[in-house]
Amino acid sequence: MMHTDSTNVKSAKAAQSEATRAKLVRAGRRLFGKRGFADVGTEEIVRAAGVTRGALYHQFADKRELFAAVFEDTEAELIAEAGRGAAATDDPVEALRGAFEAWLEACSRPAVQRIVLVDAPAVLGWEEWRAIGERHGLGVTMAALRAGMDAGALAPQPLRPLAHVIVGALDEAALYVARAQDTDTARTEMTQVLDRLVDSLRAT
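The rules behind each value
- Residues numbered from 1 in each chain as written.
- Predicted model: local features only at pLDDT ≥ 70, side-chain atom pairs only at ≥ 80, totals over all residues.
- Heavy atoms only, no water.
- Phe/Tyr/Trp six-rings, centres within 6.5 Å; stacked < 30°, edge-to-face > 60°.
- Helix = DSSP H or I, 4+ residues; strand = E, 2+ residues; numbered from the N terminus.
- Buried < 20%, exposed > 50% of the residue type's maximum accessible area, 1.4 Å probe, protein only.
- Lys NZ or Arg CZ within 6 Å of the ring centre and 35° of its normal.
- Expected span 1.5 Å × (residues − 1).
- Polar contact = N/O pair within 3.5 Å; in protein donor to acceptor, adjacent residues only side chain to side chain.
- Bend = angle between axes of the 7 residues up to and from the residue.
- 1 Å grid on protein atoms, 1.4 Å probe; cavity = no way out; pocket = protein on both sides within 12 Å on 5 of 7 lines; lining within 4 Å.
- Points joined across faces, edges and corners; volume = space filled by probe spheres on them.
- Nonpolar A, V, L, I, M, F, W, Y, C, P; charged D, E, K, R; others polar.
- Axes fitted to C-alpha atoms, helices over the stretch in contact; angles between N-to-C directions.
- Parallel < 35°, antiparallel > 145°, perpendicular 65-115°, else oblique.
- Left-handed = near helix turned anticlockwise from the far one by under 90°.
- Contact = heavy atoms within 4.5 Å.
- Salt bridge = Lys/Arg side-chain N within 4 Å of Asp/Glu carboxyl O.

1. Digging into the packing of aromatic side chains
- All chains considered together, the criterion is met by three aromatic pairs.
- Centre to centre, the rings of F32 and F67 are 5.4 Å apart; their planes meet at 70°, and the pair counts as edge-to-face. Here F32 is found in helix α1 (residues 2-35), whereas its partner F67 is found in helix α4 (residues 63-86), with 35 residues between them in sequence. Considered together, F32 and F67 belong to a single accessibility category, that of buried residues.
- Ring centres of F37 and F67 lie 5.4 Å apart, and the angle between their planes is 75°; this geometry places the pair in the edge-to-face category. In this pair, F37 sits in the loop between α1 and α2 (42-49) while F67 sits in helix α4, placing the two residues 30 residues apart along the sequence.
- Of the aromatic side chains, those joined through ring pairs into one cluster are F32, F37 and F67.
- Sitting over the ring of F37, K63 keeps its end group 4.2 Å from the ring centre.

2. Overview of α4
- Given a rise of 1.5 Å per residue, 24 residues ought to cover 34 Å, and the 35 Å separating the end C-alpha atoms of α4 matches this to within 8%.
- Its side-chain oxygen 3.3 Å from the backbone nitrogen of R64, D62 forms the N-cap of α4.

3. Here's the deal with helix α6 (residues 110-124)
- At V118, α6 shows its largest kink, close to 35°, and the proline P121 lies no more than four residues downstream.
- Looking at the residues trailing α6, positive phi occurs at G125, about 90°.

4. Topic: the layout of surface pockets
- Approximately 380 Å³ is the volume attributed to the largest pocket.
- Lining the largest pocket are 23 residues, with A82, A99, V140, T141 and A144 positioned closest to its centre.
- For the lining of the largest pocket, the secondary structure elements donating two or more residues are α4, α5 (92-106), α7 (126-150) and α8 (159-179).
- In terms of residues, the lining of the largest pocket owes the most to one element, α7, which gives eight residues.
- Here the lining of the largest pocket is built from residues that sort into 16 nonpolar, five polar and two charged.

5. Comments concerning empty space enclosed by the protein
- By the definition in use, this model includes one cavity of 30 Å³ or more.
- The computed volume of the largest cavity comes to approximately 30 Å³.
- Along its surface, the largest cavity is lined by F71, E75, V116, W129, R130, G133 and D171.
- When residues of the lining of the largest cavity are traced back to their parent elements, those giving at least two are α4 and α7.
- Ranked by residues supplied to the lining of the largest cavity, first place goes to α7 with three residues.
- Residue composition of the lining of the largest cavity, grouped by class: three nonpolar, one polar and three charged.

6. Structural notes on the packing of α5 against helix α9 (residues 183-200)
- Where α5 contacts α9, the two axes come as close as 10 Å, and the packing angle between them is 155°. With respect to α9, the element α5 is oriented roughly antiparallel. You can see that α5 and α9 cross each other, and the crossing is right-handed. Across the interface between the two elements, V93, L96, R97, F100, E101, L104 and E105 of α5 pack against R187, M190, T191, L194, D195, L197, V198 and D199 of α9.

7. A closer look at the pattern of salt bridges
- One pass over the full model with this rule turns up 17 salt bridges.
- Measuring nitrogen to oxygen at the nearest pair gives 2.2 Å for the salt bridge that ties R135 to E72. Note that R135 is positioned in helix α7 and E72 in helix α4, a separation of 63 residues in sequence.
- Residue class for R135 comes out exposed when judged on its relative accessible area of 53%.
- Given a relative accessible area of 22%, E72 falls into the partly exposed group.

Shape is all these values report; function is a separate question.
The structure is reproduced here in structure tokens:
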């Protein structure tokens, strides 16, 4: 019985710790997305999360580590949105097109741009920024390409190198739109470029 009680206590503590972490990530994401990493202090984050400063440092070594978790959370959501864009059709080529459009659409939101495209490369460094992006997006991209090749809709070619090129292209596409003075025009132009990229992957 004592063993069961001990297990229950550990489970409750783990759940409480996870809930605290989730509160901090939500608060950090809201504040970083609104004002940027540099202009948000840890005191403001813990107040917004409704937790103590000690709780913050129990979960994260520093503000940078919290930001990395916020970026991971945002990136995972973007990949999920792209996946929903792909799910609208059974055609593998059109699924890719839908995923690309959904990615560009999601990355056009100001809070997402600030976290994913402006602050993340600067705060985390290019290597870590790309590593996190690839961890979330590379496997999904490879699976979509493999499905298209297996269905005969996409031209057969080396899978992993192609997935790396596409992930890199999508990051650059989002960065281009985020940095443009006229974002609407930039997004329209980039959508045309990505459409041609998708069409170039078709099996002949």
